[in-house]
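As a plain string of letters, each chain reads:
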Amino acid sequence: HTPMYFFLANLSLLDTAYMSNTVPQILVHLLAPVRVMPCHACLTRIFFLHFLASWECFLLTAMAYDHYTAICQPLHYLVLMGQRTRTGLPSISCLLALTNALTHTILAALLKFCGPCLITHYFCDLPPLLKLSCSPTWANELALFFFSFLVALAPCALVVISYIHVVAAVFRIHSAEGRRKAFSTRGAHITMVCIFYITSVLRCILPSSAHSGLRDQVLSVLYVVLAPMLNPIVYGICETRPHSSSAAGTYLMLWE
């Protein structure tokens, strides 16, 4: 069981860093009377947000492959999930996530802003920032659209395919109790994966003109706070069981 716990430990550390990038900022801006952030600090938050979120997308895909291998290829599990695979999957995920984050951050740094830069949002994120730009944002929106497919939709499709094979394997179990345990341990995981992928995709693929403050804030809470908070719990239950807010907006002023 070393591979599964290796990925679970990585997910827990990644979710801790992911939430540490946004939750303290949300709390400060909810409580502070003056909600001001320098422009370079906003770009730094955007970089880590897209880096950690996309890394988590790829890591969830790697964990889905681990589950598929454990259930559908149990005799070859330790061979397929050897040391090279365990270290290679997170490393490739990190490089792809870094490419995604650098692209968005560099393009955002080239934007020009006119007038008061007031973000109606819980924290500094890219779609609300694009609405404030007085320069063309088509390159930023194209990058968001492209990387949404690379980072979210493609991994989500791989997760769905892996679980189709898992469900087919579970139906081949002759014991009704075995099928019940298999579905009960994987149902919560599938729900959390859907929440994380769907909300993050909706936040990125919609053009900036289509974003509304209330909807954006609700989606952000789901994929920035709720999903990372519950992921280690849900995955912990999945791995151990077989063996045993208000949407009110906050305003953040950017200054250069």
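Residues numbered from 1 in each chain as written. Predicted model: local features only at pLDDT ≥ 70, side-chain atom pairs only at ≥ 80, totals over all residues. Heavy atoms only, no water.

Participant: Got a minute to help me understand the overall build of the protein chain in this structure?
Facilitator: A tally of regular secondary structure across the protein chain gives 8 helices and 3 strands. Counting from the amino terminus, helix and strand elements in the protein chain follow one another as α-β-α-α-α-β-α-α-α-α-β. Residues counted as buried form 45% of the 256 residues belonging to the protein chain. With an accessible surface of roughly 12500 Å², the protein chain has 73% of that area assigned to carbon and sulfur atoms. (Helix = DSSP H or I, 4+ residues; strand = E, 2+ residues; numbered from the N terminus. Buried < 20%, exposed > 50% of the residue type's maximum accessible area, 1.4 Å probe, protein only. Areas by Shrake-Rupley, 256 points an atom, 1.4 Å probe, with all protein chains shown as cover.)

Participant: How should the packing of helix α4 (residues 83-109) against helix α6 (residues 138-171) be read in this particular structure?
Facilitator: How two helices sit against one another is set out by the angle between their axes and by the gap between those axes. For the pair α4 and α6, the least separation of the axes is 10 Å and the interaxial angle reads 170°. As judged from the angle between their axes, α4 and α6 are roughly antiparallel. Within the contact between the two elements, α4 uses Thr99, Asn100, Thr103, His104, Leu107 and Ala108 and α6 uses Ala139, Asn140, Ala143, Leu144, Phe147 and Val151. In terms of residue class, the contact of α4 with α6 is built from 7 nonpolar, 5 polar and no charged. (Axes fitted to C-alpha atoms, helices over the stretch in contact; angles between N-to-C directions. Parallel < 35°, antiparallel > 145°, perpendicular 65-115°, else oblique. Contact = heavy atoms within 4.5 Å. Nonpolar A, V, L, I, M, F, W, Y, C, P; charged D, E, K, R; others polar.)

Participant: Before we go on, may I ask you to explain the nonpolar core in this structure?
Facilitator: For soluble globular proteins, the rule of thumb is that nonpolar side chains tend to be buried together. Core analysis: the biggest nonpolar cluster contains 39 residues, and Tyr18, Phe196 and Tyr197 have the highest contact counts within it. Of all the secondary structure elements, the ones that give two or more residues to this core are α1 (2-31), α2 (39-72), α4, α6, α7 (176-205) and α8 (213-240). A total of 12 residues in this core trace back to one element, the largest contributor, which is α2. When sequence neighbours within four positions are dropped, the list of residues in contact with Tyr197 reads Cys57, Leu60, Thr61, Val151, Ala152, Pro155, Cys156 and Val159. The next biggest cluster of nonpolar side chains, apart from the first, holds 14 residues, and it includes Met37, Ala108, Ile119 and Leu129. (Core = buried A, V, L, I, M, F, W, Y, C linked by side-chain atoms within 4.5 Å.)

Participant: Got a minute to help me understand the confidence of the model for the protein chain in this structure?
Facilitator: For residues with low pLDDT, the predicted coordinates do not support detailed interpretation. Confidence along the protein chain averages 75 in pLDDT terms, with 75% of residues attaining 70 or more. For the protein chain, strand β3 (residues 251-255) is the element with the lowest average pLDDT, namely 42, and α4 is the one with the highest, namely 90. Considering only residues more than four positions removed or in separate chains, one finds that residues 241-256, a stretch of pLDDT under 50, has 57 contacts. (pLDDT = per-residue confidence, 0-100.)

Participant: What is the right way to look at the packing of α1 against α4 in this model?
Facilitator: At a minimum axis separation of 10 Å, α1 and α4 run at an interaxial angle of 25°. Taken together, the axis directions place α1 and α4 in an arrangement best described as roughly parallel. Judged by the twist between their axes, the crossing of α1 over α4 is right-handed. Two secondary-structure elements touch here, α1 through Thr2, Pro3, Phe6 and Phe7 and α4 through Arg86, Leu89 and Pro90. (Left-handed = near helix turned anticlockwise from the far one by under 90°.)

Participant: Looking at this structure, I do not really get a nonpolar patch on the surface. What am I missing?
Facilitator: A grouping of Leu98, Leu102, Ile106 and Leu110 is seen on the molecular surface, where their side chains present a nonpolar patch of about 370 Å² in accessible area. Along the polypeptide, Leu98 turns up in helix α4. Given a relative accessible area of 31%, Leu98 falls into the partly exposed group. (Patch = residues over 30% accessible without salt bridge, like charges linked within 9 Å, V, L, I, M, F, W, Y side chains within 5 Å. Salt bridge = Lys/Arg side-chain N within 4 Å of Asp/Glu carboxyl O.)

Participant: Got a minute to help me understand the packing of aromatic side chains in this structure?
Facilitator: Each aromatic ring pair is specified by the distance between its two centres and by the angle formed by the two planes. Under the criterion given, the structure shown has 7 aromatic pairs. Taken together through their ring pairs, the aromatic side chains of Phe47, Phe48, Phe51 and Trp55 make up a single cluster. (Phe/Tyr/Trp six-rings, centres within 6.5 Å; stacked < 30°, edge-to-face > 60°.)

Participant: I tried to follow α6 on my own but got confused; where do I start?
Facilitator: For an α-helix, the turn length of 3.6 residues means that residues three or four places apart are oriented alike. The end-to-end C-alpha distance of α6 is 47 Å, a good match for the 50 Å that 34 residues give at a rise of 1.5 Å each. Taken as a whole, α6 carries its principal kink of about 35° at Phe149. (Expected span 1.5 Å × (residues − 1). Bend = angle between axes of the 7 residues up to and from the residue.)

Participant: For this particular structure, what's the right way to read the side chain of Ser162?
Facilitator: Positionally, Ser162 belongs in helix α6. Reaching out from Ser162, the side chain makes a polar contact with the backbone oxygen of Val159 at a distance of 2.6 Å. With near-sequence residues (within four places) excluded, Ser162 lies in contact with Ala64 and Tyr68. (Polar contact = N/O pair within 3.5 Å; in protein donor to acceptor, adjacent residues only side chain to side chain.)

Participant: What's the story with the environment of Ala41 in this structure? I'm lost.
Facilitator: Looking at the secondary structure, you find Ala41 in helix α2. As a C-alpha pair, Ala41 and Cys124 span 83 residues in sequence and 9.0 Å in three-dimensional space.

Participant: In this structure, what is going on with the side chain of Ser54? I would like to understand it.
Facilitator: Take Ser54: it is sitting in helix α2. The buried category is assigned to Ser54, whose relative accessible area is 1%. At a separation of 3.4 Å, a polar atom in the side chain of Ser54 contacts the side chain of Asn100.

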